Amino acid sequence: MKTIDLRSDTVTTPTKDMYQEMQLAPIGDDVYGDDPTVNKLEALAAETLSKEKALFVPTGTMGNLIAVMAHTRPGEEIILERYSHIFLYEAAGASRLAGVQPMAISGRDGVMDPEEVEESIRAENIHFPSTGLICVENTHNMAGGMVQPMENLQQLRSIANRHQLPMHLDGARVFNAAASLNCDVKEIAAYFDSIMFCLSKGLSSPIGSMLVGDEEFIGRARKLRKMLGGGMRQAGIMASCGILSIEQMTSQLRVDHEHARVLSEGLTKLSGFSVDLDKVHTNIVNVSIRDKNISSEDLVNKMKAKGILANPRGKDYIRLVTHKDVTLEDINSAIRIMETL
Ligand SMILES: *Cc1c(COP(=O)(O)O)cnc(C)c1O
């Protein structure tokens with residue numbers, strides 16, 4: 001029995017080409033700036049997002065933390081969404097290590113109301129911390145991979161400009177957002193001073209994320225990466241995969257999105273499962289099991305016994321994520337198996 005792993009797109013394994021490149025890529029000590037493959041990946045990432053410079057980091061979490069540290073000073077406040085990854089899933093690194101206080105705003109499907117963002121920016125007052133940064137997540141993980149409307153990004157950008165604040169994008173899945181909008185990722189990146197994106201999710205690299213921004217910002221980020229222990233040596237072995245992620249794997253995301261749609265439509269036809277199809281924008285599907293009379297934990301265990309891996313999301317939902325290692329055939333057999341549960 002083949003296991004169909006729908007827990008996350010982080011479970012993707014490297015492609016054949018990646019395994020080959022890992023062996024062939026020229027490498028050097030990247031802390032000395034001597035790794036040609038890392039340098040090539042950083043130049044490619046910067047060019048792809050139309051920014052000056054980029055930095056290869058081991059994880060998205062470190063990329064976001066470095067961005068918060070590079071944009072702010074301790075004691076400042078950062079505005080972010082209530083269900084954002086930085087707020088919920090990064091072990092309070094921004095508070096503990098960057099020394100900033102989160103100002104969390106409840107969004108609608110992860111989309112923050114621009115008016116509320118502007119009202120949350122602190123005025124000059126002896127009692128108040130200063131606002132130092134606005135963070136946005138696109139696609140929004142907890143909202144089920146939903147894409148932030150371009151108009152919203154534009155409104156947030158004008159607010160940031162009015163208040164002279166930098167904007168950071170947690171773009172772990174920004175290429176999914178671009179694929180869903182059918183736009184160039186540059187158009188999304190243009191609204192932000194810095195962008196983090198993951199190579200290790202749907203783009204199938206084994207390890208790594210990129211932090212992208214202007215030269216001065218990336219200079220500071222490089223030093224912060226060293227401080228946090230993220231200065232790696234012959235990192236070209238991993239960066240070689242990252243180059244293929246950007247060059248070859250972004251087109252796979254459209255396939256993943258199509259599979260998420262097939263999966264959602266299939267599941268809504270089964271009794272007890274429901275999916276809000278309007279909210280399936282990319283490769284993440286939040287499935288309501290409210291009518292199923294079983295807890296999400298128990299359902300996930302039953303699925304596991306039948307070879308399907310998923311994550312519970314709260315007590316009423318399970319989360320299914322499509323990626324290059326699940327085929328259309330897998331999706332169809334997952335639907336057939338779930339019909340029996
Ligand atoms: C996965 C993810 C991250 C962090 O990436 P890691 O490489 O797992 O540290 C950050 N933000 C979002 C929205 C993510 O989905």
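Not measured: the values here are computed from a predicted model.

Reading guide: rules and limits
- Each chain carries its own residue numbering, running from 1 in the direction its sequence is written.
- Per-residue local features of the predicted model are confined to residues with pLDDT of at least 70, and side-chain atom pairs are confined, for both listing and counting, to 80 or more; whole-chain, interface and lining totals are unaffected and use all residues.
- For side-chain calculations, the full set of non-hydrogen atoms in the structure is used, while hydrogens and water are omitted.
- We define proximity as follows: a residue is near a molecule or strand when any one of its heavy atoms falls within 4 Å of that partner.
- Whenever two N or O atoms come within 3.5 Å, that pair is a polar contact, provided that in protein one can donate a hydrogen and the other can accept it, and provided that, for residues adjacent in sequence, both atoms are side-chain atoms.
- Surface accessibility follows the Shrake-Rupley procedure with a 1.4 Å probe radius. Residue values consider only the protein chains on display as shielding.
- Secondary structure is summarised from DSSP: a helix means a run of H or I of at least four residues, a strand means a run of E of at least two, and numbering begins at the N terminus for each.
- When residues are sorted by character, Ala, Val, Leu, Ile, Met, Phe, Trp, Tyr, Cys and Pro go into the nonpolar class, Asp, Glu, Lys and Arg into the charged class, and all the rest, Gly among them, into the polar class.
- For every domain, the bounds stem from an assignment made automatically or drawn from a database.
- Computed with a 1.4 Å rolling probe, the buried area is the accessible surface lost when two parts are put together, summed over both parts.
- In what follows, salt bridge is the name for a side-chain nitrogen of Lys or Arg lying within 4 Å of a carboxyl oxygen of Asp or Glu.
- By this definition, two strands are paired if DSSP reports at least two bridges between them.
- Note on geometry: axes are C-alpha line fits, over the in-contact stretch for helices, and angles between N-to-C directions span 0 to 180 degrees.
- What makes two residues a contact is simply this: any of their non-hydrogen atoms within 4.5 Å.
- Summary of the burial criterion: residues with accessible area below 20% of their type's maximum are buried, those above 50% are exposed, and those between are partly exposed, where the area comes from a 1.4 Å probe applied to protein chains only.
- Within 6.5 Å between ring centres, the rings of Phe, Tyr and Trp (the latter by its six-membered ring) count as paired, and their orientation is classed by plane angle as stacked under 30 degrees, edge-to-face over 60, tilted in between.
- Charge-over-ring placement is defined geometrically: NZ (Lys) or CZ (Arg) within 6 Å of the ring centre, and within 35 degrees of the ring normal.

A. Structural view of the site of the ligand. As a structural note, the neighbourhood of the ligand is formed by 14 residues, with Gly60, Thr61, Asp170, Arg173 and Lys201 the closest of them. A distance of 2.6 Å separates an oxygen atom of the ligand from a polar atom in the side chain of Thr61. Note that an oxygen atom of the ligand is positioned 2.7 Å from one of the side-chain N or O atoms of Lys201. For the ligand, whose free accessible area comes to 380 Å², the fraction covered by protein is 86%. Only helix H3 (60-71) and strand S7 (194-198) provide two or more residues apiece to the shell around the ligand. Top contributing element to the shell around the ligand by residue count: H3, with three residues. Of the residues in the shell around the ligand, the class split is three nonpolar, six polar and five charged.

B. Molecular detail of the domain arrangement of the chain. Structurally, the chain comprises domain 1 (16-248) and domain 2 (251-339). Each of domain 1 and domain 2 has a C-alpha centre, and the two are 28 Å apart. Between domain 1 and domain 2, a total of about 1,500 Å² is buried, with carbon and sulfur atoms accounting for 48% of that surface. Applying the counting criterion to the domain 1 and domain 2 interface returns one salt bridge. The partner of Lys279 in a salt bridge is Asp109, and the shortest N-O contact between them spans 3.1 Å. Viewed at the interface, domain 2 and domain 1 are joined by ten residue pairs in polar contact (both at pLDDT 80 or more). The biggest single contributor to the side of domain 1 that touches domain 2 is helix H8 (residues 174-181), with four residues. Class assignment for the residues of the side of domain 1 that touches domain 2 results in eight nonpolar, ten polar and two charged.

C. Focus on the sheet that holds strand S9 (residues 284-288). An order of S9-S12-S11 is seen for the three strands of this open sheet, with the pairing classed as antiparallel. The sheet terminates laterally at S9 and strand S11 (311-313), the two strands that pair on one side only. Strand after strand, the sheet turns through a mean of 35° between neighbouring axes, direction not considered. Direction of pairing for S11 relative to strand S12 (residues 317-321): antiparallel, over a ladder of three bridges. Looking across to S12, one finds that Arg313 is bridged to Tyr317. Contacting S11 and S12, helix H13 (residues 296-305) runs over the sheet at an angle of about 40° to S12.

D. Representation of the pairing of strand S2 (residues 53-57). Counting buried positions along S2 yields four of five residues, so the element is predominantly enclosed. As judged from the five bridges shared by S2 and strand S8 (residues 209-213), these two strands associate in the antiparallel manner. Paired with Val57 across the strands is Ser209, a residue of S8.

E. Local environment of the sheet that holds S8. If you walk across this open sheet you meet the seven strands as S2-S8-S7-S6-S5-S3-S4, and the pairing is mixed. Pairing within the sheet leaves two strands with one partner each, and these edge strands are S2 and strand S4 (101-105). Going across the sheet, the axis of each strand differs from the next one's by a mean of 20°, ignoring polarity. With three bridges joining them, strand S3 (residues 77-81) and strand S5 (residues 131-137) adopt parallel strand pairing.

F. Summary view of the pairing of S3. For S3, a buried count of five out of five residues is recorded, marking the element as mostly surrounded by other parts of the structure. Burial along S3 is two-sided: Glu77, Ile79 and Glu81 facing one way and Ile78 and Leu80 facing the other are all buried. Pairing analysis gives five bridges linking S3 to S4, with the strands arranged parallel. By the bridge assignment for S4, Ile79 is matched with Met103.

G. Fine view of the pattern of salt bridges. This model, assessed by the stated rule, comprises 17 salt bridges. A salt bridge links Asp30 to Arg225, with the shortest nitrogen-to-oxygen separation between them at 3.4 Å. Of the two residues, Asp30 is situated in the loop between helix H1 (16-24) and helix H2 (36-49) and Arg225 in helix H10 (residues 215-227); the sequence distance between them amounts to 195 residues. As far as the burial class goes, Asp30 and Arg225 line up, both buried. Its salt-bridge partner being Glu42, residue Arg222 comes within 3.1 Å of it at the nearest N-O pair. Of the two residues, Arg222 sits in helix H10 while Glu42 sits in helix H2, which places them 180 residues apart along the sequence. Classification of Arg222 as partly exposed rests on a relative accessible area of 33%. Residues participating in the shared-partner salt-bridge network are Arg290, Lys315 and Asp316.

H. Examining the packing of aromatic side chains more closely. According to the stated counting rule, one finds one aromatic pair in the structure shown. It is Arg82 that lies over the ring of Tyr83; its NZ or CZ is 4.5 Å from the centre.

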